[in-house]
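Analysis of the macromolecular model
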Amino acid sequence: MLKVSKFGGSSLASAEQVSQVCDIITADPGRRLIVVSAPGKRHSQDIKVTDLLIAAASQRLAGKLGASECAEVVERYRSIASELGLSTEVVEPIAHDLTERLENSTTDADLYMDTMKAGGEDNCARLVAQVLQARGIDAYYVNPKDAGLLLSDEPGNAQVLPEAYNRLRTLQERQGITIFPGFFGYSRQGNIVTFSRGGSDITGAILASAVRAEVYENFTDVDSVFAANPSIVKDPAPIAELTYREMRELSYAGFSVFHDEALEPVYRAHVPVNIRNTNNPDADGTRILPDRKSTDIPVVGIAAMENVCCIYLSKYLMNRQIGFGRRLLQILEAEEISFEHVPSGIDNMSVVIREENLSVQKEKRVIEQIRQTLAPEDVFVERDLALIMVVGEGMRHTVGIASRATKALAGASVNIEMINQGSNEVSMMFGIKSGDMETAVQALYEEFFNGDNSST
Ligand code: ASP
């Protein structure tokens, strides 16, 4: 059976890490389809290769050279290659490729930027293939265009096109180990387009789904997914198993260990995901599955997401007005604003939006439109909010979770601005002031993980 294994930027940041990645690849004959990110940070002050490439592209777009940032990227590859004993000739085509990208036409700024960004993964994949070949292993770089990774024409935020799956399926017939660059593909017009940031996870998921992999291994720099953010809760519990739905909710609200858009392809194909640590490959990691046996634990994780705002409006007898909600959402649609949640009462509605999607100018226009079209008694926007998500499949058949959560928040003097529970009952959302976020996560963690986390 075939495994798809993806290695993140921190796993490829230095020669030592690349060597460790090659050890992991060769330790299991099932690992035949490998997806790599661009080299990430070697230490906390370092800059990711992708960020250097973005800086170089921004310089060029501003009419400057961008050459020093580009040279820094070449130097990153050079040091990896030389520390691994590869001839410096290996770096020449990389330097050539990056210079060519830098000198490309900047007429279409978005396409130019994506071509630059993709250079990180593309050259990393070529380098990893060469490191493996130098070890005498049958490993080959493959270009996403030749493999058929067709994406929508949305630079920086592309989506896979359905026809890509059939084309990518043939990857399983290839000899040896295939090294596939993450993060980008090609539009129907033949242009390089990238996914959103962190998108190599998405590439891996698409390939795993296309070849119906036995497992999609996602190697990163932590032992597992944890029940809460370790920078907020000290030593949070590791999670051994999660369902796709639970992971979706957690990654939506800030668990950055796995890209939330990467779940859809594996979910559809029922390919299990295994999050693992490159620097501790013997650890079992976290498995993400269609179902999990142990749903007797009602809450698996607590996530928090900052930078949200909310439009509140109230109108007496709103519940009797047919089309009120539609007209409200239509105003947002006309301004191209996507919304996150719509908690409502009989005479009021709130729309939760990410701050980045509601600029001050848009806010003015939206409020004006709402006043004119819906004539509410009151309408205002509240900013500086955070959403806390309490997530777990077991909540569905457990009485009293909401009461425990609200009691824990009250005990920590956190005022709840909003509550929402999706109809699938996999998560419960609390809207609170941003300043209370850490206190809220700690209080909920204490309640569900250091208290009694059972359904009985
Ligand atoms: N290198 C890209 C980024 O930094 C994609 C990835 O690492 O997954 O966003």
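Just so it is clear, the model here is predicted, and its values are computed rather than measured.

With that settled, consider the site of the ligand. Taken together, the neighbourhood of the ligand is formed by Ser37, Lys48, Thr50, Glu121, Phe183, Arg197, Gly198, Gly199 and Ser200. One nitrogen or oxygen atom from the side chain of Ser37 is found 3.3 Å from an oxygen atom belonging to the ligand. The protein chains hide 93% of the 260 Å² of surface that the ligand would expose on its own. Per-class residue counts for the shell around the ligand are one nonpolar, five polar and three charged.

So, on to the sheet that holds strand E7 (residues 215–220). Spatial ordering of the open sheet is given by E3-E4-E2-E1-E7-E11-E12-E10, a layout of eight strands whose pairing is mixed. Looking at strand neighbours, the two that pair on one side only are strand E3 (139–141) and strand E10 (241–243), the edges of this open sheet. The mean angle between the axes of side-by-side strands here comes to 20 degrees, regardless of whether they run parallel or antiparallel. Looking at chain direction, strand E2 (residues 31–36) and strand E4 (residues 177–181) are connected through four bridges and run parallel. Residue Val36 lies in a different strand from E4, and its bridge partner there is Pro181. Sheet strands touched by helix H9 (residues 244–252): E10, strand E11 (273–277) and strand E12 (286–289). Its angle to E10, the strand with the most contacts, is close to 90 degrees.

The next point concerns the sheet that holds strand E15 (residues 378–391). Reading across the sheet, the five strands line up as E14-E13-E15-E17-E16 and stay open at both edges, with antiparallel pairing between neighbours. Strands with a single pairing partner mark the edges of an open sheet, and in this sheet they are strand E14 (348–354) and strand E16 (418–421). Taken pair by pair, the neighbouring strands of this sheet meet at an average axis angle of 35 degrees, ignoring direction. Those strands touched by helix H11 (residues 324–334) are strand E13 (301–314) and E14, and its axis lies near 25 degrees from that of E14. Of the strands in this sheet, E13, E15 and strand E17 (427–433) touch helix H14 (residues 437–450), which is tilted by about 125 degrees from E13.

Right, let's get into the packing of aromatic side chains. A complete count under the given rule lists six aromatic pairs for this structure. For the cation-ring pair, Arg126 lies above Tyr141, with the distance from its terminal atom to the ring centre recorded as 4.2 Å.

Pairing of E10 with E12 involves three bridges; the strand directions are parallel. Each residue of the ladder has a partner; that of Thr243, found in E12, is Leu289. As judged from the three bridges shared by E11 and E12, these two strands associate in the antiparallel manner. Bridge assignment links Asn274 to a residue of E12, and that residue is Arg287.

Note on placement: Ser187 falls in the loop between strand E5 (184–186) and strand E6 (192–194). In contact with Ser187, not counting residues within four places along its chain, are Leu150, Leu151, Asp153 and Val193.

Attention shifts here to the pairing of E11. Most of E11 is tucked away, with five of its five residues classed as buried. As paired elements, E7 and E11 share five bridges and run parallel to each other. Bridge pairing links Phe219 to Arg276 in E11.

Basis of the calculations
- Residues numbered from 1 in each chain as written.
- Predicted model: local features only at pLDDT ≥ 70, side-chain atom pairs only at ≥ 80, totals over all residues.
- Heavy atoms only, no water.
- Near = heavy atom within 4 Å.
- Polar contact = N/O pair within 3.5 Å; in protein donor to acceptor, adjacent residues only side chain to side chain.
- Areas by Shrake-Rupley, 256 points an atom, 1.4 Å probe, with all protein chains shown as cover.
- Nonpolar A, V, L, I, M, F, W, Y, C, P; charged D, E, K, R; others polar.
- Pairing = 2+ DSSP bridges.
- Helix = DSSP H or I, 4+ residues; strand = E, 2+ residues; numbered from the N terminus.
- Axes fitted to C-alpha atoms, helices over the stretch in contact; angles between N-to-C directions.
- Contact = heavy atoms within 4.5 Å.
- Phe/Tyr/Trp six-rings, centres within 6.5 Å; stacked < 30°, edge-to-face > 60°.
- Lys NZ or Arg CZ within 6 Å of the ring centre and 35° of its normal.
- Buried < 20%, exposed > 50% of the residue type's maximum accessible area, 1.4 Å probe, protein only.

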